[in-house]
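Inside the fold
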Amino acid sequence: MKILLLQFRPDQTIAQHEFDLILKYSDRPESDFVRVDTTRQRLSLDLLDQIDALLLGGSGDYLISRGDIPEILDGVKPFVEEARRHRLPTLGICFGGQILTHVLGGRVENDESRAEVGTFV
């Protein structure tokens, strides 16, 4: 099984940490994953022909409700829509969940009373 991991982390150390935890808790080998750093790489719809599932990672750097990274979202939106048409299993973690909500027509709100405090291992 090939899983495409879209990452939204400007800090490469944190991106690697996220990937290491995904490997640990998914109990899948690194070879099962294709990683795309959306802050540095463009998405190609051709990737959809090479994968069996889509995983949108997190990011503590951005919020959909603030309108952060519109240029990246402009590239991710058609990709997620096409993945949906392909009926690919898709999971959004944290910021990835915000992206899925936004792309699929939902509304993302910033609720300070429930704000995430940080990352815990």
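Scroll up a little and you will see the structure.
A brief look at the structure comes next. (Residues numbered from 1 in each chain as written. Predicted model: local features only at pLDDT ≥ 70, side-chain atom pairs only at ≥ 80, totals over all residues. Heavy atoms only, no water.)

1. What about the environment of D11?
This is how the line gets drawn: To qualify as a helix, a DSSP run of H or I must reach at least 4 residues; to qualify as a strand, a run of E must reach at least 2; elements of each kind are numbered from the N terminus. The term polar contact refers here to a pair of N or O atoms within 3.5 Å; inside protein, the definition further demands a hydrogen-donor-capable atom paired with an acceptor-capable atom, and it admits residues adjacent in sequence only when both atoms are side-chain atoms.
Its location among the elements puts D11 in the loop between β1 (3–7) and α1 (12–26). Each C-alpha atom, one on D11 and one on S59, is 9.8 Å from the other, the two residues being 48 residues apart in sequence. Within polar-contact distance, the side chain of D11 engages the backbone nitrogen of T13 at 2.8 Å. Of the polar contacts made by the side chain of D11, one reaches the backbone nitrogen of I14; its length is 3.1 Å.

2. Describing the pattern of salt bridges
So the rule is basically this: Salt-bridge detection follows one rule: a side-chain nitrogen of Lys or Arg within 4 Å of a carboxyl oxygen of Asp or Glu. Exposed residues in this analysis have more than 50% of their type's maximum accessible area, buried residues have under 20%, and partly exposed residues fall in between, with area computed by a 1.4 Å probe over protein chains only.
Per the stated rule, a full pass over the model turns up six salt bridges. A salt bridge links R107 to E109; the shortest N-O distance between them is 2.4 Å. Overall, R107 belongs to the exposed group, its relative accessible area being 69%. Judged by its relative accessible area of 55%, E109 falls in the exposed class.

3. Some details on the nonpolar core
Quick reminder of the rule: In this text, buried Ala, Val, Leu, Ile, Met, Phe, Trp, Tyr and Cys residues form a nonpolar core when linked through side-chain atoms within 4.5 Å. Residue contacts are counted whenever heavy atoms from the two residues lie within 4.5 Å of one another.
Counting 23 residues, the largest nonpolar core has L4, L6, F8, L54, L56 and I99 as its most contacted members. Per-element accounting of this core gives the leading share, six residues, to helix α2 (residues 70–85). Each residue touching I99, except ones within four places of it in the same chain, is listed here: F8, L56, I64, L73 and V76.

4. Considerations on the sheet that holds β1
Note the cut-off: In this description, strands pair whenever DSSP reports at least two bridges between them. The convention used is that axes are lines fitted to C-alpha atoms, helices contributing only their stretch in contact, and that angles between N-to-C directions extend from 0 to 180 degrees.
Spatial ordering of the open sheet is given by β2-β1-β3-β4, a layout of four strands whose pairing is parallel. Strand pairing shows two members of the sheet lacking a second neighbour, β2 (33–37) and β4 (90–92), which therefore form its edges. Here the strands of the sheet are splayed against their neighbours by 15° on average, with no regard to which way each runs. Across the sheet, α2 is in contact with β1 and β3 (53–56); its angle to β3 comes to roughly 145°.

5. Describing the environment of F79
Within the secondary structure, F79 sits in helix α2. Discounting chain neighbours no more than four positions away, the residues touching F79 are L4, L6, L43, S44, L45, L47, L48 and L54.

6. A few points about α2
Stated formally: One less than the residue count of a helix, multiplied by 1.5 Å, gives the span that helix is expected to have. Two axes are fitted around each residue, one to the seven residues ending there and one to the seven starting there, and the angle between them is reported as the bend at that residue.
The end-to-end C-alpha distance of α2, which contains 16 residues, comes to 23 Å, matching closely the 22 Å that a straight helix rising 1.5 Å per residue would cover. By the largest-angle criterion, V76 marks the main kink of α2, which is about 25°, and a proline, P78, follows within four residues. The complete set of buried residues in α2 reads I72, L73, V76, F79, V80 and A83. The inward-facing, buried residues of α2 contact β1, β3 and α3 (95–103). Once α2 finishes, R87 follows within two positions and takes phi at roughly 60°, a positive value.

7. Digging into the packing of aromatic side chains
Here is the rule we go by: For Phe, Tyr and Trp, rings pair up if their centres lie within 6.5 Å, where Trp contributes its six-membered ring, and each pair is then called stacked (planes under 30 degrees apart), edge-to-face (over 60) or tilted (otherwise).
In the structure shown here, the tally under the stated rule is three aromatic pairs. For the pair F8 and F95, a centre-to-centre distance of 5.6 Å together with 70° between the ring planes defines the contact as edge-to-face. Residue F8 is found in the loop between β1 and α1, and its partner F95 is found in helix α3; the two are separated by 87 residues along the sequence. Ring geometry for F19 against F33: centres 5.6 Å apart, planes inclined by 85°, an arrangement best described as edge-to-face. With F19 in helix α1 and F33 in strand β2, the pair connects residues that are 14 residues apart, well separated along the chain.

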